[in-house]
Amino acid sequence: MDHAALEAFADELFERWREGDFDFVEASFAPDAELRIPALGRAGTFASLRPHLEENAKRVGPHTHEAVRRTIAEPDLVVEEHVSRWKDVQGRDQAAEVCGVVRIGADGLVADMVEYVRFVAGGDPRQKIIDTVRAHVVAEFTNDVDVIMPTVSEKDVFFPIVSRGADGIYAVDMIVDTPGATSYYRETREVYTVLSSTHMMALSSDWFVVRASIGKLELHEAAAPGAEGVVIENPSVVIFPVADDGIIGEIIWAKNDFLETIAAAKAGTPLPIETDALRQMANSNRIRDFLEAWQAGDVAAIDGMVADQPCWVTKVVTAELATTELRSITDRAEVLDHYRTSPAPADVIVLTQMVTDWFAIVETRFRPGADGTTRRKIATYPFADDGRIIGELSYSIDVPG
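Residues numbered from 1 in each chain as written. Predicted model: local features only at pLDDT ≥ 70, side-chain atom pairs only at ≥ 80, totals over all residues. Heavy atoms only, no water.

Sheet architecture is open: 6 strands sit in the order β2-β1-β6-β5-β4-β3, paired in mixed fashion. The outermost strands of the open sheet, each flanked by one partner alone, are β2 (42-44) and β3 (64-73). Ignoring which end each strand starts from, the neighbouring axes of this sheet average 20° apart. As paired strands, strand β4 (residues 77-87) and strand β5 (residues 93-104) are joined by 11 bridges and run antiparallel to one another. (Pairing = 2+ DSSP bridges. Helix = DSSP H or I, 4+ residues; strand = E, 2+ residues; numbered from the N terminus. Axes fitted to C-alpha atoms, helices over the stretch in contact; angles between N-to-C directions.)

Quick look at the structure:
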C-alpha cells in the first residue's frame, strides 16, 4: 500500500475498533493473523480473542482516542500511539496509553498486530518518560529507520558510540545531531537485525530511563567476514535521556566486545552471560569509594581506582538543552588531570544507584561550582575484570538553584 492507503486503513481500523464494530475489525484481519496484547495476557487470532475483547469493551464502555501520533512506513507498517480515556463503573476517570504496531499483508488485511497498553495512574511524572522510551524500543524492533527516527528528539541528540581497538584503547564517535543519528540507525541495520531483547532491569526518572537487557541480534556480512546469519547475545546497559519530543539518545555500554562476541558465536562457544554476586559486592564497595573520593577531590584515591585503558564521556546541557560541555577522554593521564583541575562537587546527593557484577548506574544531584547551579547527572560506570573502573558515560542537566 502507499502512504494514503495505509493512512485510510489505519483511520478506519482504529475508529471501528473504538466504536466496538468487531465484525468489521475481524474482517480486517487475515484468518491466521496473530494479535498480541501483552498487558491483557492475550495472544492468538482475532477470532479466538474476540470474546475477551468484547467483554473488555463492555467493561470500558465509551472511550476516546486522544493525542494520536501515527508513523507509517510503506508498504506495510503502521505504528499508532494514542491515549484512551473513559469512566469506570464508579464514575472515576480512567486512562490508558496505547501503542499499536500493525503489519499489513499483500492481501490488504492485517497480517500481525501487537498492542501495547499502559494503564495510567495519574500524577506520576515518570509515565510520559517511560512511554517515550517504550515507543522508541517498539520502533527499533521494526528495524526500519523511517519508523525509528520520529521517536528521537530533535531538541538534543547524544549517541556516544564506544569501540575498542586491538591495542585495547577505546575510541568514541560522538553523534550529536539528527543526521548523525539517522546514519547511525541506518548503518547498524546494515550490520545486524534486532531479533529480541530480554529486559533484565530498569530505572525510571522524570528525565531518563535506564534499561539493562540481553539483546539477540542476527548478523549480516557487514559485521565481519562469514558473519551472515550468525546470532549473538550480549548483555548491555543503556541510558535513555528524554526530551518532550523523544529520546535524546542511547548511551550504551555492552558487557562484551562486539568482535569478540562474534568470534565466539561463530566458533560455537558464546561468551558467558552468568552473574557473579561476589564481584557485584566488590563493585558496590568500589563505586562507594569512588564517589567519596570524587566529592573529596582526592585524585590520589581516584588514581588507584581507574583502569589502565579508560573511557570518560560527558555531555552537559542547560535546562533548555543547550550544550555547555561535550568531552571524551580515553587517556588515563588526561582523566586524572580532569579530576585534578575540576572543582570538587558540593552537596552531592545520590538519588539512584544500581550495581551489578560489570557496571554501576548512579544518578547524582550536586553543585558543580560556585555559580548556584544544580547539576543532575546520570552515569554508567563499567568495571574491568580486576575491579577497577573503566570509565564514566554520563549526561547531565544544569538547572538554576
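Next, the rest of the story.
Our focus in this paragraph is unusual backbone geometry. Following Glu74, the chain continues to Pro75 via a peptide bond in cis, the omega torsion being 10°. Among the structural elements, Pro75 can be located in the loop between β3 and β4. A positive phi is found at Asn143, a non-glycine position, where the angle reads about 55°. The residue Leu321 is not glycine, and still its phi comes out positive at about 70°. Mapped onto the elements, Leu321 comes out in the loop between β14 (306-318) and β15 (323-329). Overall, Leu321 belongs to the buried group, its relative accessible area being 17%. (Buried < 20%, exposed > 50% of the residue type's maximum accessible area, 1.4 Å probe, protein only.)

The next subject is the sheet that holds β15. Taken together, the 6 strands give an open sheet; going across it, the order is β15-β14-β19-β18-β17-β16, and neighbouring strands pair in mixed fashion. Edge positions in the open sheet fall to β15 and β16 (346-355), since each of these has one partner strand only. Neighbour-to-neighbour, the strand axes of the sheet open up by a mean angle of 15°, direction not taken into account. In the sheet, β14 pairs with β15 via 6 bridges, with the strands oriented antiparallel.

Let us now look at the nonpolar core. In this structure, Val210, Val237, Trp253, Phe359, Ile361, Ile378 and Tyr395 are the most contacted members of the largest nonpolar core, which totals 28 residues. Those elements that provide at least two residues to this core are β10 (208-219), β11 (231-243), β13 (251-254), β14, β17 (359-367) and β19 (389-400). (Core = buried A, V, L, I, M, F, W, Y, C linked by side-chain atoms within 4.5 Å.)

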